[in-house]
Amino acid sequence: KILVPVDRLAAWRLEAIVKSLAAYLMENQDARVHLFTRNADLNREDVLLRQVSKILEQNEYPPEWARKEDANKFEFLLDKEDQIPILFRVEQCVDELSANKCVREQRLLVDLADVPDLFLQITCVGMGVPQILGCATDYMKPGKNGRINRDISRLGEDLRYYLESLSNWNHAMIQSFDLGKNHTTQYLIERWKEVIGS
């Protein structure tokens, strides 16, 4: 599962990311994309799925990859559209508890907004989830718990690096936990004591 925050993305950037993700999904049939939003609008899920479906169709990918799952259909009644897997889902998390649960279920964070979502980064560090960001931050150190991506057309390389190599993913997970030790409450209290003492 690939978590992609979408609230801060310009339309052109979302389109480029969806195209790169769709190309990767053609290679890796097991991967799934979870579009993360904090927007509480009742129709937000539908709007995002329509937007992604349109991008997919314009780039000659199955638009049905982005749709809601119909819980009322039985397997033997599936029509042709329902036999196409759902590869893009929306995670509408308006509170911290649901966001934590969502991140816990992910394998990778891809946040290519100009300013990455700080809460998601901190949560990923705490849960050992590698990050692909547009820039380094205090919570993502390139080569340790994540990678920098400044060219969306090369996103597939970053995805393959983590999703097709368990050793790369494990290394990033361990580095995340090590980095997290430097941001615990106790660590920060000790640092403040040193500052006050000097």
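Rules behind the numbers
- What you see as residue numbers is a count from 1 along each chain, following the sequence as written.
- Where totals are concerned, whole chains, interfaces and linings use all residues; where local detail is concerned, this predicted model gives features only for residues with pLDDT of at least 70, and gives and counts side-chain atom pairs only at 80 or more.
- Side-chain metrics rest on all non-hydrogen atoms present in the structure, leaving aside hydrogens and water.
- Every residue carries a pLDDT, the predictor's confidence in it, which falls somewhere between 0 and 100.
- Secondary structure follows DSSP: runs of H or I at least 4 residues long count as helices, runs of E at least 2 residues long count as strands, and numbering of each begins at the N terminus.
- To define a nonpolar core, start from buried Ala, Val, Leu, Ile, Met, Phe, Trp, Tyr and Cys residues and group those joined through side-chain atoms within 4.5 Å.
- For the exposure calls, accessible area comes from a 1.4 Å probe over protein chains only, and a residue counts as buried if that area is under 20% of its type's maximum, exposed if over 50%, partly exposed in between.
- In this description, contact between two residues means that some pair of their heavy atoms is separated by no more than 4.5 Å.
- Paired strands are those between which DSSP finds at least two bridges.
- Geometry is summarised by axes, namely lines fitted to C-alpha atoms with helices restricted to the contacting stretch, and by angles between N-to-C directions that run from 0 to 180 degrees.
- Just so you know how the angles are binned, under 35 degrees is roughly parallel, over 145 roughly antiparallel, 65 to 115 roughly perpendicular, and the rest oblique.
- By definition, any crossing whose near helix is turned counterclockwise from its far helix by less than a right angle is left-handed, and any crossing with a clockwise turn is right-handed.

A low pLDDT means the predicted coordinates there should not be read in detail. When pLDDT is averaged along the protein, the result is 88; 86% of the residues meet or exceed 70. Element-level mean pLDDT values for the protein span from 61 in helix α8 (residues 185-197) up to 97 in strand β2 (residues 33-37).

A separate point is the nonpolar core. Residues Val4, Leu21, Leu56, Phe88, Val110 and Leu159 are the most contacted members of the largest nonpolar core, which totals 37 residues. Broken down by element, the residue count for this core peaks at seven residues, all from helix α1 (residues 11-27). Val110 has contacts with Ile2, Leu3, Val4, Pro5, Ile132, Leu155 and Leu159, leaving out every residue within four places of it along the chain. In this structure, Ala99, Leu109, Leu133 and Met140 belong to the second largest nonpolar core, which totals 12 residues.

For the rest of this paragraph, the subject is the sheet that holds strand β1 (residues 2-5). Two modes of strand pairing occur in sheets, parallel and antiparallel, and in both the strands are linked by backbone hydrogen bonds. Here six strands make up an open sheet; going across it, the order is β3-β2-β1-β4-β5-β6 and the pairing parallel. Single-partner strands in this sheet number two, and they are β3 (88-92) and β6 (146-148). Taken pair by pair, the neighbouring strands of this sheet meet at an average axis angle of 20°, ignoring direction. Pairing between β1 and β2: four bridges, direction parallel. The residue of β2 that forms the bridge with Val4 is Leu35. With respect to the sheet, α1 is in contact with β1, β2 and β3, its orientation differing from that of β3 by roughly 125°.

Let us now look at the packing of α1 against helix α6 (residues 155-163). Where α1 contacts α6, the axes come no closer than 9 Å and their chain directions differ by 45°. Classed by the angle they form, the pair α1 and α6 counts as oblique. Two packed elements cross with a definite hand, and for α1 against α6 that hand is right-handed. Where α1 approaches α6, its residues Ile17, Ser20, Leu21, Tyr24 and Glu27 are matched on the opposing element by Leu155, Gly156, Leu159, Arg160 and Leu163.

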